[in-house]
Amino acid sequence: MSRFKFFLLILISYSFGSYSQKKAPKLVIGIVVDQMRTDYIYRYWNRFGDGGFKRLVNDGFFCKNTHYNYVPTYTGPGHCSIYTGCTPSTHGIIANDWFMKETGATQYCVSDKQVKPIGTSSENGYMSPKNQLTTTLGDELKLFTNGRSKVFGVALKDRSSVLPVGHAGNAAFWFDEETGNFVSSDWYVKELPGWLNNFNAKKLPKQYLEQGWNTLYGIETYTNSIADDNKYEAAPNKKPKPVFPYDYKAQLTENKLGILKATPWGNTITKDLAIECLKNEQLGKNDVTDMLCISYSSTDYVGHAYGIRAVELEDVYLRLDKDIEELLKTLDTEVGKENYVLFLTADHGAADVAAYLKDQKIPAGYIKEKQFNKELKTFC
Ligand SMILES: [Zn+2]
């Protein structure tokens, strides 16, 4: 699926007007919603509660036309650009994967064989920001306060946790689908903090997946989406049709916890982890500014699997709205309404399923890569 680069930026700051130069926020929270198109704010507006997306728009600043000028707008370059303030030609994260002329190998944006996985022995732990060539906001915060600021990142996707945190941050944590645990690498830590070991010990991925997935509200109310049963969606493994309700018994039996990523529970567990990190690392509790980078990845996995007009996607956003509400309430209590600045944006958008557009008689289609490659070579 090709992607567009629609960024939305919502900034919430209750006390922005009253900040003097001497009073910095105690905590900055960055939220990236993976693959969130700006139009979702409008499309789902009447379905959102008052305490999530609506609270951000109503009480904050809604920047509707804020974007960087580059391609390709993938997850790696998107997260890196948001947090470094520059574009791929400068920060070096030119794609999720790229070809290395020197070695003939493919390089994944945050892959690093020199580091040691922490909290897992799987391949998923060999990650670092070594290919990120510039500083992040968190790096600058660390430099500015001589290391006193605390900077953490949480996400299902490794690149969505590592690239926002950057080089000097305390830790980036990401989901290892082999173990179902959130892990890191020794770029950041020598061992997982005790609170994260306790969090992992709860086995939340299994608990969430055992609940299956049904719509939050009656399915007849999902009028912002096309019919649940349609030919443009991909049914998960072993399910004949891509329709509600979903159960994950087969995946649980085979210990395939990666399925969590394409469910709303992937966002919920990210929220759970963010709150644990906030409380246990005492973020926003002292006199220097701390930073917490949160990225919700499941919106992207669900968007890819079911398309941008699916009931599944609408449900993921309605549930994410609730997760954001809980996060904001926790921040109000733990840090105080007057003491934090929060922004919410997206790393990229998403295009319609081409087959759906074609069926609406709108010009669209697919590139046959092999054919394209052949024609290109013949042309040259
Ligand atoms: Zn993405």
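What counts and how
Residues numbered from 1 in each chain as written. Predicted model: local features only at pLDDT ≥ 70, side-chain atom pairs only at ≥ 80, totals over all residues. Heavy atoms only, no water. Helix = DSSP H or I, 4+ residues; strand = E, 2+ residues; numbered from the N terminus. Rg over C-alpha atoms; globule rule 2.2 N^0.38 Å. Buried < 20%, exposed > 50% of the residue type's maximum accessible area, 1.4 Å probe, protein only. Contact = heavy atoms within 4.5 Å. Areas by Shrake-Rupley, 256 points an atom, 1.4 Å probe, with all protein chains shown as cover. Arc of directions from axis to C-beta. 1 Å grid on protein atoms, 1.4 Å probe; cavity = no way out; pocket = protein on both sides within 12 Å on 5 of 7 lines; lining within 4 Å. Points joined across faces, edges and corners; volume = space filled by probe spheres on them. Nonpolar A, V, L, I, M, F, W, Y, C, P; charged D, E, K, R; others polar.

Caption draft 1: Representation of the overall build of the chain. Along its length, the chain carries 14 helices and 11 strands. Scaling as 2.2 N^0.38, a compact globule of 380 residues should have a C-alpha radius of gyration of about 21 Å, and the chain matches this with 21 Å. Here the chain holds 380 residues, and the buried ones make up 58% of them. Restricting the contact set of the chain to residue pairs at least 6 apart, pairs at least 24 apart contribute 72%. Summing over all exposed atoms, the chain offers an accessible surface of approximately 17,300 Å²; the carbon and sulfur share of this is 53%.

Caption draft 2: View of unusual backbone geometry. Here Val71 and Pro72 are connected by a cis peptide whose omega angle stands at 0°. Position of Pro72 among the secondary structure elements: in the loop between β3 (61-63) and α3 (75-84). Here the phi dihedral of Gln35 falls at roughly 75°; this positive angle occurs in a residue that is not glycine. Within the fold, Gln35 resides in the loop between β2 (27-33) and α1 (39-43). A relative accessible area of 1% places Gln35 in the buried class. A positive phi angle is found at Lys203, which is not glycine, with a value near 55°. Along the chain, Lys203 turns up in the loop between α7 (194-201) and α8 (204-210).

Caption draft 3: Representation of helix α5 (residues 137-144). Within the sequence span of α5, burial applies to Gly138, Asp139, Leu141 and Lys142. Relative to the axis of α5, the buried residues are bounded by an arc of 160° and lie together on one face. Along α5, exposed side chains directed more than 90 degrees from the buried face belong to Leu143 and Phe144. As for α5, its buried residues are in contact with β7 (151-155), α6 (158-165) and β10 (290-296). Trailing α5 by a residue or two, Asn146 shows a phi angle of about 50°, which is positive.

Caption draft 4: Here's a closer look at the layout of surface pockets. Size it by volume and the second largest pocket reaches roughly 360 Å³. Forming the boundary of the second largest pocket are 17 residues, of which Ala24, Pro25, Leu141, Val288 and Thr289 lie nearest the centre. A total of four residues in the lining of the second largest pocket trace back to one element, the largest contributor, which is α5. Among the residues forming the lining of the second largest pocket, the class breakdown is nine nonpolar, four polar and four charged.

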